[in-house]
Amino acid sequence: MTKEPFIQPRFVGPRFELHTLPLSAAKDLVAYEELVLELAKHLFREKQTDRVRVPKGFANDFSLHIEKIDSGSAMPSLVAMMASAQLFVSLPSEFAEAKDLVNAVIATEADQPFPASFPKDFYSYFNRIGRSLKDGEQIEWTPASLTNRSALTPTKRIRLARAHRETYEAEADVIGLVEELDAKKKTGILRVPGKEAISFVYDDPFFVDLKDALGNPAIHARVKGVGVFDVNDRLCSVTEIEQLDCLSHYPLVSKIDALTALSNGWLEGRGVAPSATNLDWLSSETATNFPDALEYPSIAPIEDGNVSFEWIQPHARVELEVNFADKQIELYATNLTTDEFVEHTFTHEEWRAAFERVRVLLKS
Amino acid sequence: MSGQWTDTHLVFRQVHPNHVDGTRPNSVAFSPMPKDEDKLSVDDSEQVTAEGCWKHFTERLGFSSAGTWAVSAGEIVDVGDLDLRKDPVVDVNDATKNNPAHCVIDFARLTSKGQRKKRAQTLAIKASERGCQFSAAK
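Predicted model, so just to flag it, every value in this text is computed and none were measured.

About the criteria used
- Residues numbered from 1 in each chain as written.
- Chains lettered and ligands numbered in written order.
- Predicted model: local features only at pLDDT ≥ 70, side-chain atom pairs only at ≥ 80, totals over all residues.
- Helix = DSSP H or I, 4+ residues; strand = E, 2+ residues; numbered from the N terminus.
- Rg over C-alpha atoms; globule rule 2.2 N^0.38 Å.
- Contact = placed C-beta atoms within 7 Å.
- Buried ≥ 20, exposed ≤ 12 C-beta atoms within 10 Å, placed from the backbone.
- Nonpolar A, V, L, I, M, F, W, Y, C, P; charged D, E, K, R; others polar.
- Core = buried A, V, L, I, M, F, W, Y, C linked by C-beta atoms within 7 Å.
- Pairing = 2+ DSSP bridges.
- Axes fitted to C-alpha atoms, helices over the stretch in contact; angles between N-to-C directions.
- Parallel < 35°, antiparallel > 145°, perpendicular 65-115°, else oblique.
- Domains from an automatic or database assignment.
- pLDDT = per-residue confidence, 0-100.

### Focus on the overall build of chain B
Move 1: A tally of regular secondary structure across chain B gives 3 helices and 8 strands.
Move 2: For chain B, the sequential pattern of α-helices and β-strands runs β-β-β-β-α-β-α-β-β-α-β.
Move 3: Taken over C-alpha atoms, the radius of gyration comes to 14 Å for chain B, in line with the 14 Å a tight globule of 138 residues would show.
Move 4: For chain B, the proportion of contacts with a sequence separation of at least 24, taken over those separated by at least 6, is 72%.

### Some points on the overall build of chain A
Move 1: Across its full length, chain A holds 7 helices and 16 strands.
Move 2: A globule of 364 residues ought to have a C-alpha radius of gyration of about 21 Å, yet chain A, at 28 Å, is considerably larger.
Move 3: Considered along the principal axes of its C-alpha atoms, chain A spans approximately 95 × 50 × 40 Å.
Move 4: Out of the 364 residues in chain A, the part that is buried amounts to 33%.
Move 5: Long-range contacts, defined here as pairs at least 24 residues apart, represent 56% of the contacts in chain A between residues at least 6 apart.

### Looking at the interface of chain B and chain A
Move 1: Across the boundary between the two partners, chain B contributes 20 residues, which contact 21 residues of chain A.
Move 2: The element that contributes the greatest number of residues to the side of chain B that touches chain A is helix H3 (residues 113–130) of chain B, accounting for 8 residues.
Move 3: Along the lines of polarity and charge, the residues of the side of chain B that touches chain A split into 6 nonpolar, 8 polar and 6 charged.

### Examining the nonpolar core
In summary, soluble globular proteins display a tendency toward joint burial of nonpolar side chains.
Move 1: In terms of nonpolar packing, the biggest core is built from 59 residues, with Val11, Leu84 and Ile105 of chain B touching the most fellow members.
Move 2: With 40 residues, the next largest nonpolar core counts Leu64, Ile106, Ile129 and Trp141 of chain A among its residues.

### Considerations on the sheet that holds strand S7 (residues 168–182) of chain A
The strands making up a sheet associate through backbone hydrogen bonding, with each pair oriented either parallel or antiparallel.
Residues and elements named next belong to chain A.
Move 1: The 5 strands are arranged S7-S8-S9-S11-S10 in a closed barrel whose pairing can be described as mixed. Pairs of neighbouring strands in the sheet enclose a mean axial angle of 55°, with direction left out of account.
Move 2: The pairing of strand S10 (residues 219–229) with strand S11 (residues 235–248) spans 11 bridges and is antiparallel. Directly across from isoleucine 219, in S11, lies its bridge partner serine 248.

### Digging into the packing of helix H5 (residues 250–258) of chain A against helix H6 (residues 276–289) of chain A
All names here are of chain A.
Move 1: Their axes nearest at 9 Å, the elements H5 and H6 cross at an angle of 175°. Our classification of the angle between H5 and H6 gives roughly antiparallel. Along its contact with H5, which presents Leu252, Val253, Ile256 and Asp257, the element H6 presents Leu279, Leu282, Ser283, Thr286 and Ala287.
Move 2: Here the contact of H5 with H6 is built from residues that sort into 6 nonpolar, 2 polar and 1 charged.

### Re the sheet that holds strand S12 (residues 298–301) of chain A
Move 1: If you walk across this open sheet you meet the 5 strands as S12-S13-S14-S15-S16 (chain A), and the pairing is antiparallel. Two strands in the sheet have a free side with no partner beyond their single neighbour: S12 and strand S16 (340–347) of chain A. Going from strand to strand, the sheet's axes swing by 20° on average, the running direction of each strand aside.
Move 2: Pairing analysis gives 8 bridges linking strand S14 (residues 316–323) of chain A to strand S15 (residues 328–335) of chain A, with the strands arranged antiparallel. Counted as the bridge partner of valine 322 of chain A is isoleucine 329 of chain A from S15 of chain A.
Move 3: Along the sheet face, H3 of chain B touches S14, S15 and S16 of chain A and points at about 50° away from the line of S15 of chain A.

### Focus on the environment of glutamate 285 of chain A
Move 1: Here glutamate 285 of chain A is to be found in helix H6.
Move 2: C-alpha of glutamate 285 of chain A to C-alpha of glutamate 349 of chain A: the two residues are 64 residues apart in sequence and 9.3 Å apart in space.

### Thoughts on the domain arrangement of chain A
It is common to give the size of an interface as the accessible area that goes away when the parts come together.
Move 1: On domain assignment, one finds that chain A holds domain 1 (2–165), domain 2 (169–248) and domain 3 (251–363).
Move 2: Here the C-alpha centre of domain 3 of chain A lies 31 Å away from the C-alpha centre of domain 2 of chain A.

### Some points on the confidence of the model for chain B
Move 1: Mean pLDDT over chain B works out to 94, with 97% of the residues at or above the 70 mark.
Move 2: Here the prediction assigns the complex a pTM of 0.77, and the interface score ipTM is 0.95.

### Examining the environment of leucine 82 of chain B
Move 1: Note on placement: leucine 82 of chain B falls in the loop between helix H2 (73–79) and strand S6 (83–86).
Move 2: Taking the C-alpha atoms as reference points, leucine 82 of chain B and glycine 62 of chain B, separated by 20 residues in sequence, lie 28 Å from one another.

### Some words on the pairing of S11 of chain A
It is a general feature of regular strands that their side chains alternate between the two faces of the sheet.
Residues and elements named next belong to chain A.
Move 1: Two elements, strand S9 (residues 197–201) and S11, share 2 bridges in a ladder whose sense is parallel. Bridge pairing in S11 places serine 199 opposite serine 237.
Move 2: Counted between consecutive antiparallel strands, the loop separating S10 from S11 contains 5 residues, among which aspartate 233 sits at a positive phi close to 60°.

### Describing unusual backbone geometry
Residue and element names in this part refer to chain A.
Move 1: Cis rather than trans, the peptide bond between glycine 72 and serine 73 has omega equal to -25°.
Move 2: In this model, lysine 186 sits at a positive phi of 60°, which is unusual for a non-glycine residue.
Move 3: With respect to the helices, strands and loops of the structure, lysine 186 is situated in the loop between S7 and strand S8 (187–191).
Move 4: By C-beta crowding, lysine 186 is classed as partly exposed, having 15 other C-beta atoms within 10 Å.

### As for the pairing of strand S1 (residues 10–15) of chain B
All names here are of chain B.
Move 1: In terms of burial, S1 is a largely internal element, 6 of the 6 residues being buried.
Move 2: Bridge count for S1 against strand S5 (residues 67–72) is 6 bridges, and the pairing is antiparallel. Pairing of phenylalanine 12 across the sheet is with alanine 70, part of S5.
Move 3: Relative to strand S4 (residues 39–44), S1 is paired through 2 bridges, and the arrangement is antiparallel. Pairing of phenylalanine 12 across the sheet is with aspartate 43, part of S4.

This is the structure we're talking about:
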(Lines give C-alpha, C1' and ligand atoms only; values in the text may rest on other atoms or scores of the structure.)
Protein backbone atom coordinates (compact mmCIF):
# COMPACT_ATOMS: atom_id res chain seq x y z
CA MET A 1 0.00 0.00 0.00
CA THR A 2 1.05 3.58 -0.62
CA LYS A 3 0.03 6.49 1.54
CA GLU A 4 -0.08 10.15 0.54
CA PRO A 5 -1.38 13.21 2.41
CA PHE A 6 -4.59 14.27 0.71
CA ILE A 7 -6.63 16.90 2.56
CA GLN A 8 -7.21 18.15 6.09
CA PRO A 9 -10.65 19.80 6.37
CA ARG A 10 -11.64 21.72 9.47
CA PHE A 11 -14.96 20.93 11.20
CA VAL A 12 -16.14 24.10 12.95
CA GLY A 13 -18.87 24.27 15.61
CA PRO A 14 -19.54 23.53 19.28
CA ARG A 15 -19.69 19.76 18.69
CA PHE A 16 -16.12 19.74 17.41
CA GLU A 17 -14.46 21.92 20.02
CA LEU A 18 -13.03 18.97 21.96
CA HIS A 19 -11.22 17.89 18.77
CA THR A 20 -13.38 14.82 18.28
CA LEU A 21 -15.43 13.85 15.26
CA PRO A 22 -18.97 12.44 15.70
CA LEU A 23 -19.56 9.24 13.78
CA SER A 24 -22.33 10.99 11.88
CA ALA A 25 -19.72 13.39 10.51
CA ALA A 26 -17.64 10.45 9.38
CA LYS A 27 -20.52 9.60 7.02
CA ASP A 28 -19.92 12.93 5.31
CA LEU A 29 -16.31 11.92 4.71
CA VAL A 30 -17.38 8.57 3.26
CA ALA A 31 -19.53 10.41 0.72
CA TYR A 32 -16.64 12.79 0.00
CA GLU A 33 -14.38 9.83 -0.68
CA GLU A 34 -16.90 8.43 -3.19
CA LEU A 35 -17.18 11.79 -4.93
CA VAL A 36 -13.42 12.19 -5.26
CA LEU A 37 -13.04 8.68 -6.67
CA GLU A 38 -15.84 9.02 -9.22
CA LEU A 39 -14.77 12.53 -10.17
CA ALA A 40 -11.17 11.42 -10.70
CA LYS A 41 -12.38 8.66 -13.03
CA HIS A 42 -14.52 11.19 -14.87
CA LEU A 43 -11.60 13.60 -15.27
CA PHE A 44 -9.40 10.77 -16.57
CA ARG A 45 -12.03 9.82 -19.15
CA GLU A 46 -12.35 13.45 -20.21
CA LYS A 47 -8.64 13.51 -21.03
CA GLN A 48 -8.54 10.09 -22.70
CA THR A 49 -11.23 10.59 -25.32
CA ASP A 50 -10.47 7.20 -26.94
CA ARG A 51 -11.09 5.33 -23.71
CA VAL A 52 -14.55 4.44 -22.49
CA ARG A 53 -13.33 2.84 -19.28
CA VAL A 54 -10.52 3.84 -16.96
CA PRO A 55 -7.55 1.47 -17.09
CA LYS A 56 -7.22 -1.34 -14.62
CA GLY A 57 -5.27 -0.18 -11.59
CA PHE A 58 -6.30 3.47 -11.94
CA ALA A 59 -8.07 3.54 -8.63
CA ASN A 60 -6.31 0.50 -7.13
CA ASP A 61 -8.52 0.29 -4.07
CA PHE A 62 -8.25 4.03 -3.57
CA SER A 63 -9.57 5.00 -0.20
CA LEU A 64 -9.24 7.85 2.23
CA HIS A 65 -8.19 7.09 5.78
CA ILE A 66 -8.35 9.31 8.83
CA GLU A 67 -4.76 9.35 10.00
CA LYS A 68 -5.28 11.62 12.99
CA ILE A 69 -7.54 14.38 14.26
CA ASP A 70 -5.78 17.63 15.04
CA SER A 71 -7.13 20.47 17.16
CA GLY A 72 -8.84 23.62 15.90
CA SER A 73 -11.84 22.74 16.14
CA ALA A 74 -11.47 19.25 14.79
CA MET A 75 -9.23 18.70 11.80
CA PRO A 76 -9.16 15.11 10.55
CA SER A 77 -6.08 14.51 8.48
CA LEU A 78 -7.10 12.43 5.47
CA VAL A 79 -4.50 10.38 3.65
CA ALA A 80 -5.04 8.66 0.32
CA MET A 81 -4.33 4.93 0.39
CA MET A 82 -3.59 3.00 -2.81
CA ALA A 83 -2.59 -0.54 -3.48
CA SER A 84 0.82 -0.62 -5.17
CA ALA A 85 0.70 -1.39 -8.88
CA GLN A 86 3.00 -1.30 -11.81
CA LEU A 87 1.01 1.07 -13.99
CA PHE A 88 0.25 3.66 -11.32
CA VAL A 89 2.99 3.78 -8.70
CA SER A 90 1.59 6.89 -7.12
CA LEU A 91 -1.75 8.62 -6.89
CA PRO A 92 -2.81 9.67 -10.41
CA SER A 93 -2.96 13.43 -10.83
CA GLU A 94 -6.70 13.28 -11.49
CA PHE A 95 -7.28 12.67 -7.77
CA ALA A 96 -5.64 15.97 -6.85
CA GLU A 97 -7.54 17.65 -9.68
CA ALA A 98 -10.77 16.14 -8.39
CA LYS A 99 -10.00 17.44 -4.90
CA ASP A 100 -9.33 20.95 -6.24
CA LEU A 101 -12.48 20.90 -8.37
CA VAL A 102 -14.64 19.85 -5.40
CA ASN A 103 -13.08 22.64 -3.34
CA ALA A 104 -13.84 25.10 -6.14
CA VAL A 105 -17.47 23.98 -6.30
CA ILE A 106 -17.87 24.37 -2.54
CA ALA A 107 -16.18 27.78 -2.65
CA THR A 108 -18.73 29.07 -5.17
CA GLU A 109 -20.96 31.72 -3.67
CA ALA A 110 -24.65 32.12 -4.46
CA ASP A 111 -24.11 34.83 -7.05
CA GLN A 112 -21.28 33.01 -8.86
CA PRO A 113 -21.44 30.39 -11.64
CA PHE A 114 -20.40 26.85 -10.76
CA PRO A 115 -17.20 25.49 -12.37
CA ALA A 116 -18.16 24.24 -15.84
CA SER A 117 -15.98 21.11 -15.56
CA PHE A 118 -17.96 19.71 -12.59
CA PRO A 119 -20.53 17.20 -13.92
CA LYS A 120 -24.14 18.11 -13.17
CA ASP A 121 -25.00 14.63 -11.95
CA PHE A 122 -22.31 14.82 -9.29
CA TYR A 123 -24.06 17.60 -7.35
CA SER A 124 -26.26 14.88 -5.84
CA TYR A 125 -23.25 13.83 -3.70
CA PHE A 126 -24.00 16.93 -1.65
CA ASN A 127 -27.15 15.19 -0.46
CA ARG A 128 -24.72 13.29 1.76
CA ILE A 129 -21.57 15.41 2.08
CA GLY A 130 -22.26 17.77 4.96
CA ARG A 131 -25.68 16.30 5.80
CA SER A 132 -24.67 15.80 9.43
CA LEU A 133 -23.96 19.51 9.87
CA LYS A 134 -26.25 21.42 12.22
CA ASP A 135 -27.05 25.12 12.09
CA GLY A 136 -23.96 27.11 13.02
CA GLU A 137 -21.55 24.40 11.92
CA GLN A 138 -19.42 24.18 8.80
CA ILE A 139 -16.62 22.23 7.16
CA GLU A 140 -13.76 24.30 5.79
CA TRP A 141 -12.11 22.25 3.08
CA THR A 142 -9.20 24.66 2.59
CA PRO A 143 -8.82 26.08 6.11
CA ALA A 144 -5.38 27.53 5.43
CA SER A 145 -6.62 29.69 2.55
CA LEU A 146 -6.47 33.43 3.19
CA THR A 147 -9.11 34.23 0.57
CA ASN A 148 -11.68 31.43 0.50
CA ARG A 149 -11.77 28.47 2.89
CA SER A 150 -14.34 26.56 0.81
CA ALA A 151 -16.70 26.50 3.75
CA LEU A 152 -19.59 24.09 3.46
CA THR A 153 -22.52 25.22 5.63
CA PRO A 154 -25.96 23.55 5.89
CA THR A 155 -27.40 26.29 3.67
CA LYS A 156 -24.70 25.98 1.04
CA ARG A 157 -24.98 22.19 1.07
CA ILE A 158 -28.69 22.41 0.17
CA ARG A 159 -27.93 24.92 -2.59
CA LEU A 160 -25.36 22.54 -4.07
CA ALA A 161 -27.57 19.44 -3.68
CA ARG A 162 -30.35 21.04 -5.66
CA ALA A 163 -28.19 22.91 -8.15
CA HIS A 164 -29.55 20.69 -10.91
CA ARG A 165 -32.45 18.95 -9.18
CA GLU A 166 -35.72 20.04 -7.65
CA THR A 167 -35.26 18.00 -4.50
CA TYR A 168 -32.54 17.52 -1.95
CA GLU A 169 -31.87 15.20 0.97
CA ALA A 170 -31.47 16.32 4.55
CA GLU A 171 -32.03 15.01 8.04
CA ALA A 172 -35.74 14.61 8.75
CA ASP A 173 -37.46 14.67 12.14
CA VAL A 174 -41.19 14.26 11.78
CA ILE A 175 -44.11 13.17 13.98
CA GLY A 176 -47.33 11.71 12.64
CA LEU A 177 -49.85 8.89 12.67
CA VAL A 178 -48.94 5.68 10.86
CA GLU A 179 -51.69 5.47 8.26
CA GLU A 180 -50.51 2.63 6.03
CA LEU A 181 -47.87 -0.11 6.06
CA ASP A 182 -46.83 -2.41 3.24
CA ALA A 183 -44.87 -5.25 4.83
CA LYS A 184 -43.74 -6.65 1.48
CA LYS A 185 -42.41 -3.40 0.08
CA LYS A 186 -41.36 -2.16 3.53
CA THR A 187 -42.98 1.17 2.93
CA GLY A 188 -45.61 3.18 4.76
CA ILE A 189 -47.53 6.42 4.96
CA LEU A 190 -47.20 8.89 7.82
CA ARG A 191 -50.01 11.41 8.34
CA VAL A 192 -48.60 14.59 9.86
CA PRO A 193 -51.29 16.76 11.49
CA GLY A 194 -52.18 19.67 9.23
CA LYS A 195 -49.89 18.54 6.44
CA GLU A 196 -49.85 16.15 3.52
CA ALA A 197 -49.08 12.47 3.92
CA ILE A 198 -45.42 11.48 3.85
CA SER A 199 -44.22 8.18 2.45
CA PHE A 200 -41.41 6.34 4.19
CA VAL A 201 -39.21 3.30 3.76
CA TYR A 202 -38.35 1.19 6.78
CA ASP A 203 -36.03 -1.65 7.75
CA ASP A 204 -37.09 -4.79 9.62
CA PRO A 205 -36.09 -3.68 13.16
CA PHE A 206 -38.75 -0.95 13.02
CA PHE A 207 -41.61 -3.14 11.85
CA VAL A 208 -43.00 -4.17 15.26
CA ASP A 209 -43.26 -0.59 16.55
CA LEU A 210 -44.74 0.65 13.29
CA LYS A 211 -47.32 -2.15 13.36
CA ASP A 212 -48.32 -1.18 16.90
CA ALA A 213 -48.81 2.42 15.81
CA LEU A 214 -50.64 1.52 12.58
CA GLY A 215 -54.13 3.06 12.61
CA ASN A 216 -53.91 3.86 16.33
CA PRO A 217 -54.93 7.50 16.93
CA ALA A 218 -53.42 7.36 20.44
CA ILE A 219 -49.89 6.58 19.19
CA HIS A 220 -47.84 8.96 17.10
CA ALA A 221 -44.58 7.86 15.53
CA ARG A 222 -41.56 10.11 15.68
CA VAL A 223 -39.35 9.33 12.71
CA LYS A 224 -35.79 10.55 12.43
CA GLY A 225 -33.77 9.76 9.36
CA VAL A 226 -32.99 10.86 5.84
CA GLY A 227 -35.71 12.90 4.15
CA VAL A 228 -36.27 14.19 0.64
CA PHE A 229 -37.31 17.84 0.54
CA ASP A 230 -38.73 19.84 -2.36
CA VAL A 231 -37.85 23.35 -3.56
CA ASN A 232 -40.07 24.81 -0.85
CA ASP A 233 -38.17 22.86 1.83
CA ARG A 234 -41.23 20.68 2.32
CA LEU A 235 -40.56 17.12 3.43
CA CYS A 236 -41.87 14.76 0.73
CA SER A 237 -40.63 11.36 1.89
CA VAL A 238 -38.32 9.59 4.33
CA THR A 239 -35.93 7.30 2.49
CA GLU A 240 -34.18 5.89 5.54
CA ILE A 241 -35.33 5.63 9.15
CA GLU A 242 -32.48 5.92 11.65
CA GLN A 243 -34.55 6.28 14.83
CA LEU A 244 -38.19 5.57 15.62
CA ASP A 245 -40.08 6.45 18.81
CA CYS A 246 -43.73 5.69 19.52
CA LEU A 247 -45.35 8.53 21.46
CA SER A 248 -48.53 7.87 23.44
CA HIS A 249 -51.13 10.66 23.37
CA TYR A 250 -48.69 12.96 21.66
CA PRO A 251 -51.18 15.81 20.93
CA LEU A 252 -51.84 16.10 24.66
CA VAL A 253 -48.35 15.40 25.98
CA SER A 254 -46.76 17.87 23.56
CA LYS A 255 -49.03 20.63 24.90
CA ILE A 256 -47.87 19.84 28.43
CA ASP A 257 -44.25 19.81 27.30
CA ALA A 258 -44.76 23.20 25.63
CA LEU A 259 -45.41 24.74 29.05
CA THR A 260 -41.70 24.37 29.82
CA ALA A 261 -41.24 27.51 27.69
CA LEU A 262 -43.05 29.60 30.32
CA SER A 263 -40.93 31.72 32.61
CA ASN A 264 -41.88 33.36 35.87
CA GLY A 265 -44.00 36.44 35.26
CA TRP A 266 -45.74 34.94 32.22
CA LEU A 267 -49.17 36.26 33.35
CA GLU A 268 -49.17 40.02 33.54
CA GLY A 269 -45.79 39.95 35.21
CA ARG A 270 -46.79 37.61 38.03
CA GLY A 271 -47.56 34.07 36.85
CA VAL A 272 -45.40 31.32 38.34
CA ALA A 273 -43.92 28.99 35.72
CA PRO A 274 -44.59 25.28 36.33
CA SER A 275 -41.36 23.51 37.22
CA ALA A 276 -39.73 21.24 34.67
CA THR A 277 -39.85 18.37 37.18
CA ASN A 278 -43.59 18.75 37.67
CA LEU A 279 -44.20 18.94 33.93
CA ASP A 280 -42.08 15.85 33.28
CA TRP A 281 -44.10 13.97 35.86
CA LEU A 282 -47.39 15.23 34.40
CA SER A 283 -46.37 14.24 30.85
CA SER A 284 -45.41 10.78 32.01
CA GLU A 285 -48.61 10.24 34.03
CA THR A 286 -50.75 11.48 31.16
CA ALA A 287 -49.04 9.28 28.56
CA THR A 288 -49.50 6.28 30.85
CA ASN A 289 -53.01 6.82 32.18
CA PHE A 290 -55.00 8.80 29.65
CA PRO A 291 -57.81 6.61 28.27
CA ASP A 292 -57.88 6.08 24.51
CA ALA A 293 -61.63 6.71 24.37
CA LEU A 294 -61.57 10.12 26.07
CA GLU A 295 -61.32 13.26 23.95
CA TYR A 296 -58.27 15.42 24.56
CA PRO A 297 -58.80 18.39 26.88
CA SER A 298 -57.55 21.94 26.58
CA ILE A 299 -54.41 22.55 28.65
CA ALA A 300 -54.01 25.81 30.56
CA PRO A 301 -51.31 26.95 32.98
CA ILE A 302 -52.55 28.65 36.14
CA GLU A 303 -51.02 31.67 37.80
CA ASP A 304 -49.87 29.68 40.85
CA GLY A 305 -47.79 27.22 38.77
CA ASN A 306 -50.42 24.47 38.59
CA VAL A 307 -51.95 23.15 35.37
CA SER A 308 -55.60 22.76 34.35
CA PHE A 309 -57.04 20.14 32.00
CA GLU A 310 -60.37 21.43 30.74
CA TRP A 311 -62.99 19.72 28.60
CA ILE A 312 -65.08 22.37 26.90
CA GLN A 313 -68.63 21.74 25.75
CA PRO A 314 -71.21 24.34 24.69
CA HIS A 315 -73.22 23.82 27.88
CA ALA A 316 -70.61 22.45 30.25
CA ARG A 317 -67.08 22.70 31.58
CA VAL A 318 -65.15 19.89 33.25
CA GLU A 319 -61.79 20.75 34.79
CA LEU A 320 -59.09 18.66 36.39
CA GLU A 321 -56.75 21.04 38.15
CA VAL A 322 -53.43 19.41 38.89
CA ASN A 323 -52.20 20.74 42.20
CA PHE A 324 -48.52 19.85 42.34
CA ALA A 325 -47.79 21.11 45.86
CA ASP A 326 -50.67 19.25 47.54
CA LYS A 327 -50.34 16.23 45.22
CA GLN A 328 -54.01 16.43 44.35
CA ILE A 329 -56.15 16.35 41.24
CA GLU A 330 -59.12 18.63 41.80
CA LEU A 331 -62.22 18.09 39.70
CA TYR A 332 -64.70 20.90 39.09
CA ALA A 333 -67.60 20.47 36.66
CA THR A 334 -70.43 22.79 35.73
CA ASN A 335 -73.32 21.68 33.55
CA LEU A 336 -75.81 24.41 32.69
CA THR A 337 -78.27 21.95 31.11
CA THR A 338 -78.64 19.82 34.22
CA ASP A 339 -77.81 22.75 36.52
CA GLU A 340 -75.31 20.53 38.32
CA PHE A 341 -71.97 21.40 39.85
CA VAL A 342 -69.60 18.60 40.84
CA GLU A 343 -66.51 18.97 42.99
CA HIS A 344 -64.17 16.14 43.94
CA THR A 345 -60.54 15.67 44.90
CA PHE A 346 -58.36 12.77 43.78
CA THR A 347 -54.85 11.88 44.89
CA HIS A 348 -51.97 11.87 42.42
CA GLU A 349 -52.28 8.08 42.30
CA GLU A 350 -55.89 8.21 41.11
CA TRP A 351 -55.47 9.41 37.55
CA ARG A 352 -57.53 6.63 36.00
CA ALA A 353 -60.43 7.25 38.44
CA ALA A 354 -60.28 10.97 37.69
CA PHE A 355 -60.37 10.43 33.93
CA GLU A 356 -63.21 7.94 34.29
CA ARG A 357 -65.21 10.48 36.29
CA VAL A 358 -64.59 13.05 33.55
CA ARG A 359 -65.78 10.57 30.93
CA VAL A 360 -69.04 10.00 32.81
CA LEU A 361 -69.60 13.72 33.38
CA LEU A 362 -69.09 14.49 29.69
CA LYS A 363 -71.82 12.01 28.81
CA SER A 364 -74.33 13.54 31.19
CA MET B 1 -74.99 45.30 42.20
CA SER B 2 -75.92 48.91 41.64
CA GLY B 3 -78.89 49.88 39.53
CA GLN B 4 -76.71 51.38 36.78
CA TRP B 5 -76.40 48.03 34.99
CA THR B 6 -79.03 46.60 32.68
CA ASP B 7 -79.14 42.84 32.04
CA THR B 8 -77.77 43.20 28.49
CA HIS B 9 -74.96 45.55 29.47
CA LEU B 10 -71.69 43.90 28.38
CA VAL B 11 -68.35 44.01 30.10
CA PHE B 12 -65.18 42.98 28.27
CA ARG B 13 -62.54 40.55 29.52
CA GLN B 14 -59.01 40.19 28.10
CA VAL B 15 -57.86 36.57 27.75
CA HIS B 16 -54.22 35.50 27.86
CA PRO B 17 -53.08 33.44 24.81
CA ASN B 18 -52.40 30.50 27.14
CA HIS B 19 -56.02 30.62 28.30
CA VAL B 20 -57.87 30.11 25.06
CA ASP B 21 -58.62 26.93 23.13
CA GLY B 22 -59.27 28.03 19.57
CA THR B 23 -62.08 30.53 20.01
CA ARG B 24 -63.19 29.40 23.47
CA PRO B 25 -61.63 30.87 26.60
CA ASN B 26 -60.65 28.54 29.42
CA SER B 27 -62.43 28.87 32.74
CA VAL B 28 -59.25 30.07 34.41
CA ALA B 29 -59.56 33.22 32.30
CA PHE B 30 -62.67 34.10 34.31
CA SER B 31 -61.34 33.09 37.69
CA PRO B 32 -59.64 35.78 39.79
CA MET B 33 -56.17 34.72 40.81
CA PRO B 34 -54.21 35.69 43.92
CA LYS B 35 -52.90 38.75 42.09
CA ASP B 36 -56.48 39.90 41.56
CA GLU B 37 -57.48 39.74 45.24
CA ASP B 38 -60.84 38.17 44.32
CA LYS B 39 -61.54 40.90 41.75
CA LEU B 40 -61.75 40.05 38.07
CA SER B 41 -60.83 42.98 35.83
CA VAL B 42 -63.25 43.85 33.02
CA ASP B 43 -64.04 46.95 30.94
CA ASP B 44 -67.36 48.71 30.47
CA SER B 45 -68.57 48.31 26.87
CA GLU B 46 -70.34 51.66 27.05
CA GLN B 47 -67.03 53.43 27.52
CA VAL B 48 -64.68 51.45 25.31
CA THR B 49 -64.86 49.14 22.28
CA ALA B 50 -63.69 45.54 22.30
CA GLU B 51 -60.74 46.57 20.15
CA GLY B 52 -60.05 49.67 22.22
CA CYS B 53 -59.74 47.82 25.50
CA TRP B 54 -57.55 45.16 23.83
CA LYS B 55 -55.25 47.93 22.58
CA HIS B 56 -55.10 49.56 26.01
CA PHE B 57 -54.27 46.21 27.64
CA THR B 58 -51.61 45.17 25.14
CA GLU B 59 -50.12 48.43 23.89
CA ARG B 60 -50.33 50.69 26.92
CA LEU B 61 -50.05 48.16 29.74
CA GLY B 62 -47.78 45.83 27.74
CA PHE B 63 -49.64 42.60 28.57
CA SER B 64 -50.50 39.65 26.32
CA SER B 65 -54.06 39.03 25.17
CA ALA B 66 -55.48 36.72 22.53
CA GLY B 67 -58.55 38.91 22.30
CA THR B 68 -61.61 40.34 23.98
CA TRP B 69 -64.55 38.25 25.23
CA ALA B 70 -67.68 39.52 26.98
CA VAL B 71 -70.27 38.62 29.58
CA SER B 72 -73.42 40.55 30.41
CA ALA B 73 -74.42 42.13 33.69
CA GLY B 74 -77.46 39.85 33.70
CA GLU B 75 -75.29 36.75 33.43
CA ILE B 76 -73.12 37.98 36.30
CA VAL B 77 -76.24 38.45 38.43
CA ASP B 78 -77.71 35.08 37.48
CA VAL B 79 -74.61 33.13 38.48
CA GLY B 80 -75.06 34.48 41.99
CA ASP B 81 -73.02 36.12 44.74
CA LEU B 82 -70.90 38.25 42.41
CA ASP B 83 -70.75 42.03 42.42
CA LEU B 84 -70.08 44.12 39.34
CA ARG B 85 -68.90 47.65 39.94
CA LYS B 86 -67.00 50.44 38.29
CA ASP B 87 -63.38 50.77 39.29
CA PRO B 88 -61.71 53.44 37.12
CA VAL B 89 -57.93 53.32 37.11
CA VAL B 90 -56.01 56.53 37.68
CA ASP B 91 -52.24 56.18 37.49
CA VAL B 92 -50.62 59.26 39.01
CA ASN B 93 -47.24 58.36 37.53
CA ASP B 94 -48.33 57.55 34.00
CA ALA B 95 -51.54 59.02 32.63
CA THR B 96 -51.43 56.72 29.57
CA LYS B 97 -52.31 53.85 31.92
CA ASN B 98 -55.49 55.54 33.12
CA ASN B 99 -58.56 53.48 32.37
CA PRO B 100 -61.92 55.13 33.12
CA ALA B 101 -63.73 52.09 31.68
CA HIS B 102 -62.21 49.68 34.20
CA CYS B 103 -64.66 47.64 36.27
CA VAL B 104 -64.37 44.60 38.53
CA ILE B 105 -66.41 41.47 39.06
CA ASP B 106 -65.94 40.91 42.77
CA PHE B 107 -65.79 37.28 43.97
CA ALA B 108 -65.21 38.26 47.63
CA ARG B 109 -68.56 36.97 48.85
CA LEU B 110 -67.58 33.43 47.83
CA THR B 111 -65.79 31.53 50.56
CA SER B 112 -64.62 28.34 48.84
CA LYS B 113 -62.58 27.52 45.77
CA GLY B 114 -65.40 25.33 44.47
CA GLN B 115 -67.84 28.25 44.62
CA ARG B 116 -65.43 30.45 42.70
CA LYS B 117 -64.80 27.71 40.13
CA LYS B 118 -68.52 27.28 39.50
CA ARG B 119 -68.91 31.00 38.76
CA ALA B 120 -65.79 31.12 36.58
CA GLN B 121 -66.91 28.10 34.57
CA THR B 122 -70.37 29.56 34.06
CA LEU B 123 -68.97 32.90 32.91
CA ALA B 124 -66.60 31.08 30.53
CA ILE B 125 -69.53 29.14 29.03
CA LYS B 126 -71.48 32.38 28.53
CA ALA B 127 -68.49 34.19 27.02
CA SER B 128 -67.81 31.27 24.66
CA GLU B 129 -71.44 31.21 23.62
CA ARG B 130 -71.31 34.93 22.76
CA GLY B 131 -68.06 34.50 20.84
CA CYS B 132 -64.87 36.49 20.59
CA GLN B 133 -65.63 40.23 20.40
CA PHE B 134 -62.20 41.21 19.11
CA SER B 135 -59.43 38.83 18.10
CA ALA B 136 -55.74 39.69 18.13
CA ALA B 137 -55.42 37.44 15.09
CA LYS B 138 -57.64 39.74 12.97
